[in-house]
Amino acid sequence: MINNLKTLFSRKRKSHRRKFYPYVLTLEPSYACNLSCKMCPRGNNPAPDAIMTEEVFSRIEPYLHWFKFVHLCGFGEPLMHPRIDELVRRIYQKGCLVSFVTNGVLLTPELIKRLLAPDKKIKEIAVSIDAAHKEAYESIRGKGNFTRLIENLHELKRQVEKSEHKPQLTWAFLMMKSNLAELPDAVELAGRIGFDRIVGKHIETGHTVDELNEALFDTGYVPPPDKETEQRFHETLRESAQRGQKYGIRFEVHPRRMIIDGTCGSQPLRALYIDYAGNVSSCCYLNVLDVRPYMNRRATDDNGVMGNVKENSLDEIIKSERFQEFISYWRRGALPPVCQGCLLARRMQLKEEQFEATVSTIT
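Turning our eyes to something else, we now look at the overall build of the protein chain. Looking only at helices and strands, the protein chain features 13 helices and 10 strands. Counting the 363 residues in the protein chain, one finds 56% classified as buried.

Written as structure tokens, this is what we have:
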């Protein structure tokens, strides 16, 4: 895998590109959010009504042509940005494939129309929904939103069918022990509405034992799922796959153990993350905020931020000794100190002692 990545990055998209320049960019348009989901790490931080300012975006914009893909997501709701359609248009004009992840509650008919206008092209719209029924949904995401959400999804599908570019519609379902039973009905609901695919994702954050106990894989911090949970998990996936076939919707599940040799699922050798404030890192969990997806998140004083676009250009940050040292770990198949203990690393094919050495005992 590492050799394949080296070959990939040695192919220059532009004459000025160097090896190991990332070509996938994730931007956080907004840290503000209209929901308060029980599994979201934003609860460990103050919740500012913060959005990416024009100052920050204009510092990123000249470098957008580097990237093939730009994903608009983060720890907030992208649609909280008052000019989200303008950001999409400006990114698309730089030749990038654009996608975004939303909770869907703010997808009004007028906003959908603006997002799907001919002057912009969205490759994929992913809607994060972790249940198929009102009571289960609102126990996770908050009261009073499910009925409106489903109405929004039908309107989204209607307008997508009429649009020029027709983005792919993806339903993202965060699988937890407490909501796993909702998955088959979610696949069916997604199929009835007209989604193209539904993706079952694993929980990646947890700051308490109760939160980590929701995981359907061995986190290394709490006891792994028991035999009964394992059986229920596999039976649920089989039923969900059968429902998907009935409606012609693609049903995909993220692996519990990543079949990746030497690099994380966040793909640090080809991806960058820039938060609403302009902080640059390899992924959203390396951040100045307290959003690490593991309990002993202060194993190092390093927060993983490589720089800020308000202080240095993106080119300077990527060429910096700090950034080059970070990716050098991944290039040789090693885990950087700042990433040790991460739940994403737990799901890699690492030697057990590489992970266990970073895990604190939970009492």
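There's more to say after this.
Our focus in this paragraph is the packing of helix 5 (residues 134–141) against helix 6 (residues 146–162). Contact geometry for helix 5 and helix 6: axes closest at 10 Å, N-to-C directions at 105°. Regarding the angle of helix 5 to helix 6, the classification is roughly perpendicular. Residue-level inspection shows Lys134, Tyr137 and Glu138 of helix 5 in contact with helix 6, the latter providing Phe146, Thr147 and Leu149. Here the residues of the contact of helix 5 with helix 6 sort into three nonpolar, one polar and two charged.

Before going further, it helps to spend a moment on unusual backbone geometry. A positive phi is found at Lys166, a non-glycine position, where the angle reads about 50°. As for its position among the elements, Lys166 is in the loop between helix 6 and strand 5 (168–175). The exposure class assigned to Lys166 is partly exposed, which follows from its relative accessible area of 43%.

This model, assessed by the stated rule, comprises 22 salt bridges. Across the pair Glu61 and Arg90 runs a salt bridge whose closest N-O atoms are separated by 2.7 Å. Residue Glu61 is found in the loop between helix 2 (54–60) and strand 2 (69–72), and its partner Arg90 is found in helix 3 (residues 84–93); the two are separated by 29 residues along the sequence. Summarising the burial analysis for this pair, Glu61 and Arg90 share the class buried. As a salt-bridge pair, Glu252 and Arg250 come within 3.5 Å of each other at their nearest N and O atoms. Each of Asp185, Glu188, Arg192, Glu239, Arg243 and Lys246 takes part in a single network of salt bridges with overlapping partners.

Looking now at the sheet that holds strand 9 (residues 279–281). Here we have 10 strands laid out as an open sheet, ordered 7-6-5-4-3-2-1-8-9-10, and mixed in their pairing. Of all the strands in the sheet, just strand 7 (250–253) and strand 10 (307–308) have a single pairing partner and so form its edges. Relative to strand 10, strand 9 runs antiparallel, the two being bridged by two bridges. Among the inter-strand pairings, Asn279 is bridged to a residue of strand 10, identified as Asn308.

Turning next to the confidence of the model for the protein chain. When pLDDT is averaged along the protein chain, the result is 85; 85% of the residues meet or exceed 70. Predicted confidence is poor over residues 1–18, with pLDDT under 50, and the contacts of this stretch with residues over four places away or in other chains come to 34 contacts. Confidence over residues 351–363 falls short of pLDDT 50; this stretch has 20 contacts with residues more than four positions distant or in other chains.

Here the focus is the environment of Ser30. Looking at the secondary structure, you find Ser30 in the loop between strand 1 (24–27) and helix 2. Look at Ser30 and you get buried, because its relative accessible area is 1%. Spatially, the C-alpha atom of Ser30 lies 5.2 Å from that of Gly76, the residues being 46 residues apart in sequence. For Ser30, the contacting residues outside a window of four places in its chain are Ala50, Ile51, Gly76, Glu77, Pro78, Met80 and His81. Of the polar contacts made by the side chain of Ser30, one reaches the backbone oxygen of Glu77; its length is 3.4 Å.

A word on the pairing of strand 5. With seven of eight residues buried, strand 5 is to be regarded as a mostly interior element. Bridge count for strand 4 (residues 122–128) against strand 5 is five bridges, and the pairing is parallel. Bridging across to strand 5, Glu124 finds its partner in Gln168. The pairing of strand 5 with strand 6 (residues 197–202) spans six bridges and is classified as parallel. The residue of strand 6 that forms the bridge with Thr170 is Arg197. A crossover connection joins strand 5 to the parallel strand 6 through helix 7 (residues 183–193); in handedness this β-α-β unit is right-handed.

Criteria and cut-off values
- Along each chain, numbering runs from 1 in the same order as the chain's sequence is written.
- For this predicted model, a pLDDT threshold of at least 70 governs which residues receive local features, and a threshold of 80 or more governs which side-chain atom pairs are given and counted, while totals over whole chains, interfaces and linings are taken from all residues.
- To get the side-chain values, all heavy atoms of the structure are used, and hydrogens and water are removed first.
- Under the DSSP-based scheme used, a helix requires at least four consecutive residues in state H or I and a strand at least two consecutive residues in state E, with every element numbered from the N terminus.
- Burial here depends on accessible area, computed with a 1.4 Å probe over protein chains only, as a share of the maximum for the residue type. Under 20% is buried, over 50% is exposed, and the range in between is partly exposed.
- Lines are fitted to the C-alpha atoms to define the axes, a helix being fitted only along its stretch in contact, and any angle between axes, read from their N-to-C directions, falls within 0 to 180 degrees.
- Should an angle lie under 35 degrees it is considered roughly parallel, over 145 roughly antiparallel, and from 65 to 115 roughly perpendicular; all remaining angles are considered oblique.
- Throughout, a contact is declared for two residues whenever any of their heavy atoms are within 4.5 Å.
- As a working rule, the residues Ala, Val, Leu, Ile, Met, Phe, Trp, Tyr, Cys and Pro are called nonpolar, Asp, Glu, Lys and Arg charged, and the rest polar, with Gly in that last group.
- Each salt bridge in this description consists of a side-chain nitrogen of Lys or Arg and a carboxyl oxygen of Asp or Glu lying within 4 Å of one another.
- The rule for pairing is simple: two strands pair if DSSP sees at least two bridges between them.
- Predictor confidence is given residue by residue as pLDDT, running from a minimum of 0 to a maximum of 100.
- Pairs of N or O atoms are called polar contacts if they sit within 3.5 Å, as long as, within protein, a hydrogen donor faces a hydrogen acceptor (for residues adjacent in sequence, only side-chain-to-side-chain pairs).
- Crossovers are described as right-handed under a simple rule: with the strands pointing away from the observer, the path leading from the first strand over the helix to the second runs clockwise.

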